[in-house]
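# Structural overview
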Amino acid sequence: MIVRHPDGSHSAYQRGADETAIDFAGRLGTPATDEGAELDINQATLAFLLRGDIQLPKHSEVFALHPAGLAAAEVRLLAAPDVAASLG
């Protein structure tokens, strides 16, 4: 998972083989990043964004609170119910 910070920088997090989902979720946004993780923000196929201001690969799934800037013909825009249904 890649977390983009307000200054434009980003941190990488990758769930460890023995790490529970709860432990992994607890690390997100903390300094406990995985600097060696081979994650590329330009290869993301699922994004949860505050603003739709980044370029994503075609056919990516995107939930954005403010989707202006995202082309609906290029990506699949997700609504809040879509996100909730995917968790169940």
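This report concerns the structure included in the present document. No experiment lies behind these values; they were computed from the predicted model shown.

Conventions we followed
- Residues numbered from 1 in each chain as written.
- Predicted model: local features only at pLDDT ≥ 70, side-chain atom pairs only at ≥ 80, totals over all residues.
- Heavy atoms only, no water.
- Helix = DSSP H or I, 4+ residues; strand = E, 2+ residues; numbered from the N terminus.
- Buried < 20%, exposed > 50% of the residue type's maximum accessible area, 1.4 Å probe, protein only.
- Contact = heavy atoms within 4.5 Å.
- Areas by Shrake-Rupley, 256 points an atom, 1.4 Å probe, with all protein chains shown as cover.
- Lys, Arg positive; Asp, Glu negative; His and termini not counted.
- Charge placed at Lys NZ, Arg CZ, Asp CG, Glu CD.
- Polar contact = N/O pair within 3.5 Å; in protein donor to acceptor, adjacent residues only side chain to side chain.
- Core = buried A, V, L, I, M, F, W, Y, C linked by side-chain atoms within 4.5 Å.
- Pairing = 2+ DSSP bridges.

### Observations concerning the overall build of the chain
Along the chain, the regular secondary structure elements total two helices and five strands. In the chain, the order of α-helices and β-strands from amino to carboxyl end is β-β-α-β-β-β-α. For the chain, the C-alpha atoms occupy an extent of roughly 40 × 30 × 20 Å along the three principal directions. Sorting the 88 residues of the chain into buried and exposed places 22% on the buried side. A sequence separation of at least 24 residues applies to 16% of the contacts in the chain between residues at least 6 apart. Carbon and sulfur atoms form 57% of the exposed surface of the chain, whose accessible area is close to 6,200 Å². Side-chain charges in the chain split into 6 positive and 12 negative, and the spacing between the mean points of these groups amounts to 7 Å.

### So, the side chain of glutamate 19
Along the chain, the position of glutamate 19 falls in the loop between β2 (10-12) and α1 (21-27). A residue is classified by how much of its surface remains accessible, and glutamate 19, at 16% relative accessible area, is buried. Polar contacts involving the side chain of glutamate 19 include one to the side chain of arginine 27, which spans 2.7 Å. Leaving out residues up to four positions away in the same chain, glutamate 19 has contacts with Gln14, Phe24 and Arg27.

### Notes on the nonpolar core
One finds Ala47, Leu49, Ile54, Leu56, Val62, Ala64, Leu70 and Val75 forming the largest nonpolar core, which totals eight residues. Elements with a contribution of two residues or more to this core: β3 (46-51) and β4 (61-66).

### A short note on the side chain of serine 11
Its place among the elements puts serine 11 in strand β2. Looking at serine 11, the relative accessible area reads 13%, which means it is buried. Side chain to side chain, serine 11 and histidine 5 meet in a polar contact 2.7 Å long. Apart from residues no more than four positions distant in its own chain, serine 11 is found in contact with Met1, Ile2, Val3, His5 and Thr33.

### Looking at the sheet that holds β4
Pairing is parallel in the open sheet, where three strands are placed in the order β3-β4-β5. In the strand order of this sheet, the two ends are held by β3 and β5 (76-77), each with one partner.

### Here we look at the pairing of β4
Pairing analysis gives five bridges linking β3 to β4, with the strands arranged parallel. Directly across from leucine 46, in β4, lies its bridge partner glutamate 61. In terms of strand pairing, β4 meets β5 through two bridges, oriented parallel. Pairing of glutamate 61 across the sheet is with arginine 76, part of β5.

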